[in-house]
Amino acid sequence: MALEKFQQYIDGSFEDASETFESINPADGKAWALMPSASVADVDRAVLAAHNALSNPAWANLTATQRGKLLYKLADLVASNADALAELETKDTGKIRRETKAVILYIADYYRYFAGLADKVQGAHFDVDKPDMEAYTRREPIGVVAAIVPWNSQIFLSAVKLAPALAAGCTVVLKASEDGPAPLLKLAQLINEAGFPPGVVNVITGMGETCGKALTSHRLVSRIAFTGGPSTARRIVENSAQNLALVSLELGGKSPVLVFEDADLESAANAIVSGIFAATGQSCVAGSRLIVHESVHAKLMEILVSKAQRIKIGDPQDLETEMGPLATQRQLDHVNDVVTRSVASGAKLLTGGKSPAEFEAGFYYEPTILDCEISSTACVAEEIFGPVLSVLKFKDDAEALLLANDSEYGLASGVFTQNLGRAHRFVRSIRAGIVWVNTYRMISPLVPFGGYGQSGTGREAGAESILDYTRTKSVWINTSEAPISDPFVMR
Ligand code: NAD
């Protein structure tokens with residue numbers, strides 16, 4: 001059967017790239033589509049198109065309110081095409097259809113949030129300490145944005161970059177991951193349909209070391225918004241030495257979930273299952289380190305193992321399926337490797353630890369729980385990005401906090417307790433960008449998202465995030481009609 005063919009979107013036109021690569025359906029391990037692999041020359045054209053669009057009156061002369069209206073239109077198109085986008089995302093990444101559809105519908109609200117914010121970005125006026133002077137600031141678009149996303153949630157991770165960038169008046173070159181780029185190449189059609197002028201948004205995909213490198217080191221790029229792993233982030237920071245772009249980095253995590261002796265265990269268990277097994281664990285905020293009080297450890301393990309074993313694994317397009325495959329063979333090999341090393345070094349396998357026997361093809365892996373004695377065990381220390389929960393016990397609050405903060409990452413965390421004072425103490429002391437108390441995996445366009453330490457810098461979502469797509473211009477106006485008298489005195 002002929003493979004479907006996708007095109008890149010540069011300067012308002014859909015076009016083939018000179019090279020293509022095959023995209024694999026993780027549910028059966030077979031190639032299903034040909035994706036355009038952007039060359040360095042393609043990247044250059046895309047950045048130039050974005051640069052030229054910045055001064056094209058069709059974009060530059062729009063009021064912020066008009067930009068917001070275009071974003072509202074895009075939001076409606078995303079919502080009305082949620083089924084098609086979800087089907088593609090599921091096919092290309094293995095993420096279950098139930099989740100892709102729900103997330104995409106919610107993503108429309110992210111576009112709406114920033115559409116509404118577009119004309120609320122304000123400068124300031126100063127009552128300055130000089131006579132006859134008016135001083136104020138303007139917030140102007142920062143310029144060309146290079147937005148780079150990983151494979152695990154491309155429509156969502158691009159929305160939190162595209163929406164504030166466009167609301168602020170920037171132009172964008174969006175690089176989809178080389179794994180599972182189909183939904184973003186489809187999104188390009190909706191961007192085109194919404195009526196953004198040519199070059200305002202360009203959507204390409206290709207390999208990190210060619211396309212990604214050319215984009216992030218391009219001299220005309222002023223802002224890099226990156227989501228991905230910490231080692232790629234380091235490369236991107238090196239690349240940005242060429243353009244001195246403002247860089248935001250949303251990186252991985254090894255998020256702790258703390259369960260105290262007074263927690264509602266059934267409720268905590270549901271949150272833990274969602275935190276680690278949703279999206280087959282391929283979530284940056286995955287609650288992958290469970291830290292549980294020794295007095296409730298046995299009971300909680302019993303509940304969790306039972307829930308993990310009842311998770312329905314299967315075809316991600318099937319609405320009954322609760323856990324689909326991992327996105328790539330590479331990811332499956334990585335999960336297998338970390339689990340094998342962890343068991344070899346003493347971690348106790350409570351459930352899972354292998355690919356389910358009933359699937360002959362596809363990158364499936366069972367929900368896995370590993371009981372560990374020490375933090376240095378591979379599955380506790382390393383980001384796995386798979387359905388693997390590592391468990392540690394603690395005796396008291398002090399030990400719980402030590403374990404929670406014993407990671408170079410600091411993206412998210414969960415605290416399960418009925419003790420309000422303890423909840424607040426841990427909110428203050430945990431080193432992470434997000435603390436969920438008696439809940440997990442909550443997000444909203446209104447609430448900032450981002451990490452501490454190796455989990456990155458910068459925040460996405462929330463009103464403050466739009467400011468990172470602007471720069472401040474300070475304006476001085478002399479209101480006096482008197483001529484400037486002494487040119488050699490700074491006033
Ligand atoms: P990755 O870092 O390998 O790739 C991410 C993107 O960077 C891809 O588009 C890739 O092509 C590009 N890239 C690779 N090398 C590049 C280079 N030299 N220059 C420019 N671009 C380059 O990440 P991945 O394996 O695709 O995704 C998984 C990682 O993403 C995990 O660590 C995960 O935790 C993280 N993640 C973080 C968040 C968050 O919001 N904090 C969300 C999702 C995923």
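All of the points below concern the structure found in this document. (Residues numbered from 1 in each chain as written. Predicted model: local features only at pLDDT ≥ 70, side-chain atom pairs only at ≥ 80, totals over all residues. Heavy atoms only, no water.)

1. Topic: the site of the ligand
Here is the rule we go by: By convention in these notes, a residue is near a molecule or strand provided one of its non-hydrogen atoms lies within 4 Å of it. For the purposes of these results, a polar contact is taken to be a pair of N or O atoms within 3.5 Å, where, inside protein, one atom must be able to donate a hydrogen and its partner to accept one; residues adjacent in sequence count only when each atom of the pair is a side-chain atom. Here a cavity denotes a set of grid points, spaced 1 Å apart and computed over the protein atoms alone, in which a 1.4 Å probe fits but from which it cannot get out, and a pocket denotes an open set meeting protein on both sides within 12 Å along at least five of seven lines; residues with an atom within 4 Å of a point are reported as lining. A molecule is counted as occupying a cavity or pocket when more than half of its atoms fall within 2 Å of that pocket's grid points. Strands here are runs of E lasting at least two residues and helices are runs of H or I lasting at least four, both read from the DSSP assignment and numbered beginning at the N terminus. Residues are grouped as follows: Ala, Val, Leu, Ile, Met, Phe, Trp, Tyr, Cys and Pro are nonpolar; Asp, Glu, Lys and Arg are charged; all remaining types, including Gly, are polar. In this document the domain limits rely on a domain assignment from an automatic tool or a database.
Taken together, 30 residues are adjacent to the ligand, and E178, G229, T232, L251 and E383 come closest. Within the side chain of E383, one N or O atom sits 2.6 Å away from an oxygen atom of the ligand. The cavity that encloses the ligand is the largest pocket. Counting only elements with at least two residues in the shell around the ligand, the list comes to α8 (208–216), β11 (221–227) and α9 (230–239). It is α8 that contributes the most residues to the shell around the ligand, five residues altogether. Class assignment of the residues belonging to the shell around the ligand gives a composition of twelve nonpolar, eleven polar and seven charged. Taken together, domain 1 (4–251 + 455–475) and domain 2 (256–437) each give at least three residues to the shell around the ligand, which thus spans both.

2. Concerning the environment of V43
Quick reminder of the rule: Residue burial is assigned from relative accessible area. The probe radius is 1.4 Å, only protein chains are included, and a residue is buried under 20% of its type maximum, exposed over 50%, and partly exposed in between. By definition, residues are in contact when any of their heavy atoms lie within 4.5 Å.
Within the secondary structure layout, V43 lies in helix α1 (residues 40–55). The exposure class of V43 is buried, given its relative accessible area of 0%. Along the chain, V43 and G212 lie 169 residues apart, while their C-alpha atoms are 8.6 Å from each other. Residue contacts for V43: discarding those within four places in its chain leaves A38, I204, C211, A214 and L215.

3. A look at the packing of aromatic side chains
As a reminder, the rule being used: Whether two aromatic rings pair depends on their centres lying within 6.5 Å, for rings of Phe, Tyr and Trp, where Trp uses its six-membered ring; planes under 30 degrees apart make the pair stacked, over 60 edge-to-face, and the rest tilted. The criterion for a charge sitting over a ring is simple: Lys NZ or Arg CZ within 6 Å of the ring centre, and within 35 degrees of the ring normal.
Tallied over the entire structure, the rule returns eleven aromatic pairs. An aromatic cluster is defined as three or more aromatic residues linked by ring pairs; in this entry it consists of Y106, Y110 and F156. Lying across the ring of Y469, R223 places its NZ or CZ 4.3 Å from the centre.

4. With respect to empty space enclosed by the protein
Rules: Grid points are joined across faces, edges and corners, and a volume is the space filled by probe spheres set on the points.
Applying the stated criterion across every chain, the model contains four cavities of 30 Å³ or more. Taken as a whole, the largest cavity spans an internal volume of roughly 70 Å³. Around the largest cavity, the lining is made up of 13 residues, and of these G281, A286, S288, I384 and F385 lie nearest the centre. For the lining of the largest cavity, a count of residues per class yields six nonpolar, five polar and two charged. Of the voids in this model, the second largest cavity is the one considered here, and its volume is about 50 Å³. Forming the boundary of the second largest cavity are T93, G94, K95, W151, N152, A279, Q282 and A327. Taken together, the residues of the lining of the second largest cavity break down into three nonpolar, four polar and one charged.

5. Focus on the pattern of salt bridges
Spelled out, the test is: Between Lys or Arg on one side and Asp or Glu on the other, a salt bridge is scored when a side-chain nitrogen of the former is within 4 Å of a carboxyl oxygen of the latter.
This structure, assessed with the given rule, holds 23 salt bridges. Put simply, E366 and K354 hold a salt bridge, and the shortest N to O gap is 3.1 Å. Taken as a pair, E366 in the loop between β15 (348–351) and β16 (368–371) and K354 in the loop between β15 and β16 lie far apart in primary sequence, twelve residues in all. The class of E366 is buried, set by a relative accessible area of 17%.

6. Quick look at the sheet that holds strand β23 (residues 470–478)
Under the convention used in this document: When DSSP locates at least two bridges between a pair of strands, those strands are taken to pair.
Ordered in space as β6-β7-β23, the three strands form an open sheet in which the pairing is antiparallel. What marks the edges here is a single partner per strand, and that holds for β6 (125–126) and β23. Taken together, the two bridges between β6 and strand β7 (residues 133–141) define a ladder with antiparallel strand orientation. Each residue of the ladder has a partner; that of F126, found in β7, is A135.

7. Observations concerning the pairing of β7
Here β6 folds back onto β7, and the loop between the two strands holds six residues, one of which, D132, carries a positive phi near 60 degrees. Judged from the nine bridges that link them, β7 and β23 form a sheet pairing that is antiparallel. Paired with P141 across the strands is T470, a residue of β23.

8. So, the nonpolar core
How we decide: Side-chain atoms within 4.5 Å link the members of a nonpolar core, which is a set of buried Ala, Val, Leu, Ile, Met, Phe, Trp, Tyr and Cys residues.
Counting residues in each nonpolar core, the largest one holds 62 residues, and the members touching the most others are V78, Y111, L162, L166 and F196. The element that contributes the greatest number of residues to this core is helix α6 (residues 154–167), accounting for ten residues. V257, I272, I311 and Y440 belong to the second largest nonpolar core, which has 37 residues in total.

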